[in-house]
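# Architecture at a glance
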Amino acid sequence: MSLSETFGARARRQLLGSIPVTVGLVILGALVAASALAQLIAPYNPKRATGGINEPPSLAHLFGTTGQGQDVLSQFLYGGQNTLWVAFSIAVLTTLLALIVALTAAYFRGWVDDVLTLVTNVFLVIPGLPLVVVLAAFLPPGPLTMIMVLTITGWAFGARLFRSQALSLREREFIAAAEDVGESRWRIVAIELLPNMGSVVAAYFVNQVIFAITAQASLEFLGLGDGGQITWGSMLFWAQNSSALIRGAWWTFVVPGMAIALTAFSLALINNAVDEIGNPRLRADRLLRKAGVRKPSATLMTPVKRDA
């Protein structure tokens, strides 16, 4: 059985039998499904005033209304639709860009590795938050700008991580065997290297979704997003802008805040299981706990007093 087949079988067995993963998938699936069906299940137009100002939750407005009289439930559903597709787009693009740079640098090495490593290091040393704020402030607001800005600033750490993993795999015997039989370089990268980096890539992708959601919401809360588009971040911005906290309209910021927190929490549960698949130490600890065996604790070494 190949390494990729072993990883695939282990991943399916652990993910399907993991309670945290099940909980995470249920929460994430519910949020994604509700957002995807926003046009069908949202009771009102999210941009139109359909009630009084800052009405508390009621039968007419289950999550209350905003400071402009808009239905919070409808904004939550439509906002999830806009927020999640942007976050997953950023995660896909940053992961792909990091993989391309890392695998190219690790396999071809030489001057190619030097140039790509230099570019990666430049992006790593540039302060991320100021660069994001500057780019978002001067570019036209909108989801495409958000995707471009967070992709440009979010790929470098993944490239460094993937490069170290690929360099380790590059020295394995199965890579040398593939080269000896005459397989092309790109086939070795795609068939031999990439499948054996599955757990690292999956964990990084999940973390990038969390990064994208929180970074997007932060920029929009600061007013650097498109204020006319309904997202969870823009809901927080308008709640702050209308002094919802001072007025006691807690529902206008608790709903989008809980949506962001639950999404990050569900992804963190999934990520822990994915990380365990590729980490032998975490896998061994789980097996010991399952067997009821306590992990031996480190003993403190006390100095021995010797006679002069």
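Sequence order sets the numbering: in each chain, residues are counted from 1 along the sequence as written. Where local features are concerned, this predicted model is filtered to residues with pLDDT of at least 70; where side-chain atom pairs are given and counted, the filter is 80 or more; whole-chain, interface and lining totals use all residues. Think of the side-chain values as coming from all heavy atoms in the structure, minus any hydrogens and water.

### Some points on the overall build of the chain
A tally of helices and strands in the chain yields 15 helices and 0 strands. By the burial criterion, 42% of the 308 residues in the chain qualify as buried. Contacts between residues were defined by any pair of non-hydrogen atoms, one from each residue, lying within 4.5 Å. Restricting to contacts in the chain with at least 6 residues of sequence separation, those with at least 24 account for 72%. Only the protein chains shown count as cover for residues, with accessible areas throughout obtained via the Shrake-Rupley method and a probe of 1.4 Å. Summed over its atoms, the accessible surface of the chain is roughly 17,100 Å², and 66% of this surface lies on carbon and sulfur atoms. Only DSSP runs of H or I reaching four residues or more are called helices, and only runs of E reaching two or more are called strands; each is numbered from the N terminus. Three labels apply to residues, based on accessible area from a 1.4 Å probe with only protein chains included: buried if under 20% of the type maximum, exposed if over 50%, partly exposed otherwise in between.

### A closer look at the nonpolar core
In this structure, Phe-76, Leu-150, Leu-219 and Trp-232 are the most contacted members of the largest nonpolar core, which totals 42 residues. Counting only elements with at least two residues in this core, the list comes to α2 (19-36), α4 (72-108), α6 (128-138), α7 (143-154), α11 (198-221), α12 (232-241) and α14 (251-278). Here Leu-219 is in contact with Val-132, Val-133, Ala-136, Met-146, Leu-150, Leu-224 and Gly-225, once residues within four sequence places are set aside. By nonpolar core we mean a set of buried residues, namely Ala, Val, Leu, Ile, Met, Phe, Trp, Tyr and Cys, connected to one another through side-chain atoms within 4.5 Å. Counting residues in each nonpolar core, the second largest holds 22 residues, with Val-101, Tyr-107, Ile-188 and Val-200 among its members.

### As for the packing of α6 against α7
For any two helices packed against each other, one specifies the crossing angle of their axes together with the interaxial distance. In the contact formed by α6 and α7, the axes pass within 10 Å of each other and the chain directions differ by 155°. The angle between α6 and α7 falls in the class roughly antiparallel. Our pair here, α6 against α7, has a crossing hand that is right-handed. Of the residues in α7, those touching α6 at Leu-131, Val-132, Leu-135 and Ala-136 are Val-149, Leu-150 and Thr-153. Three residue categories are used. Nonpolar comprises Ala, Val, Leu, Ile, Met, Phe, Trp, Tyr, Cys and Pro, charged comprises Asp, Glu, Lys and Arg, and polar comprises the others, including Gly. For the contact of α6 with α7, a count of residues per class yields 6 nonpolar, 1 polar and no charged. A fitted line through C-alpha atoms serves as each axis, taken over the contacting stretch for helices, and the angle formed by two N-to-C directions is quoted from 0 to 180°. For classification purposes, an angle smaller than 35 degrees is called roughly parallel, one larger than 145 roughly antiparallel, one from 65 to 115 roughly perpendicular, and anything else oblique. Note on convention: near helix rotated counterclockwise from far helix by under a right angle means a left-handed crossing. Clockwise means right-handed.

### Side note on the packing of aromatic side chains
Two rings belonging to Phe, Tyr or Trp (six-membered ring only in the last case) form a pair when the distance between their centres is within 6.5 Å. Interplanar angles under 30 degrees mark stacking, angles over 60 mark edge-to-face geometry, and anything in between is tilted. According to the stated counting rule, one finds 7 aromatic pairs in the structure shown. Judged by centre distance (6.0 Å) and plane angle (10°), the ring pair of Phe-76 and Trp-232 falls under stacked. Remark: Trp-232 occurs in helix α12 and Phe-76 occurs in helix α4; sequence separation between them is 156 residues. Comparing Phe-76 with Trp-232 shows no difference in burial state: the two are buried.

### As for empty space enclosed by the protein
Of the two site types, the cavity is a set of points on a 1 Å grid over the protein atoms alone where a 1.4 Å probe fits but cannot get out, and the pocket is an open set with protein on both sides within 12 Å along at least five of seven lines, each lined by residues with an atom within 4 Å of a point. Grid points are joined across faces, edges and corners, and a volume is the space filled by probe spheres set on the points. What the rule picks out here adds up to 3 cavities of 30 Å³ or more. What the largest cavity holds in volume is close to 60 Å³. Considering the residues around the largest cavity, the lining is formed by Val-101, Ala-102, Ala-105, Leu-116, Thr-117, Thr-120, Asn-121, Ala-159, Arg-160 and Arg-163. Counting residues per element, the ones that place at least two in the lining of the largest cavity are α4, α5 (110-125) and α8 (156-170). At 4 residues, α5 tops the list of elements feeding residues into the lining of the largest cavity. Here the lining of the largest cavity is built from residues that sort into 5 nonpolar, 3 polar and 2 charged.

### Digging into α4
What a helix should span is 1.5 Å times the count of its residues minus one. Relative to the 54 Å expected for 37 residues at 1.5 Å per residue, α4 spans 53 Å between its end C-alpha atoms, a close match to the ideal helical length. Within α4, 26 of the 37 residues are buried, which leaves it mostly tucked inside the rest of the structure. Measuring from the backbone nitrogen of Leu-73 back to the side-chain oxygen at the start of α4 gives 3.5 Å, which picks out Asp-71 as the cap. Downstream of α4 by one or two residues, Arg-109 has phi in the positive range, about 50°. We define a polar contact as two N or O atoms separated by no more than 3.5 Å, with the added condition that, inside protein, one atom must be a possible hydrogen donor and the other a possible acceptor, whereas residues neighbouring each other in sequence contribute only through side-chain atom pairs.

### Here's the deal with the environment of Val-255
Locating Val-255 in the fold gives a position in helix α14. C-alpha of Val-255 to C-alpha of Gly-64: the two residues are 191 residues apart in sequence and 9.9 Å apart in space. Not counting residues up to four positions away in its chain, the partners in contact with Val-255 are Phe-63, Val-72 and Phe-76.

### Brief notes about the pattern of salt bridges
Basic side-chain nitrogens of Lys or Arg form a salt bridge, by our definition, when they fall within 4 Å of a carboxyl oxygen of Asp or Glu. Across all of its chains, the model carries 1 salt bridge by this definition. With its nearest N and O atoms 2.9 Å apart, the salt bridge here joins Asp-113 to Arg-163. Of this pair, Asp-113 sits in helix α5 while Arg-163 sits in helix α8, and the two are 50 residues apart along the sequence. Residue class for Asp-113 comes out buried when judged on its relative accessible area of 9%.

### Regarding α8
With 15 residues, α8 should cover 21 Å at 1.5 Å per step; its first-to-last C-alpha distance of 20 Å lies within 8% of that length. Looking at α8, one finds that the buried residues are Ala-156, Gly-158, Ala-159, Phe-162, Ala-166, Leu-169 and Arg-170. What you see down the axis of α8 is that its buried residues fit within an arc of 135°, all on one side. Taking the helix axis as origin, the arc is that swept by the directions to the C-beta atoms.

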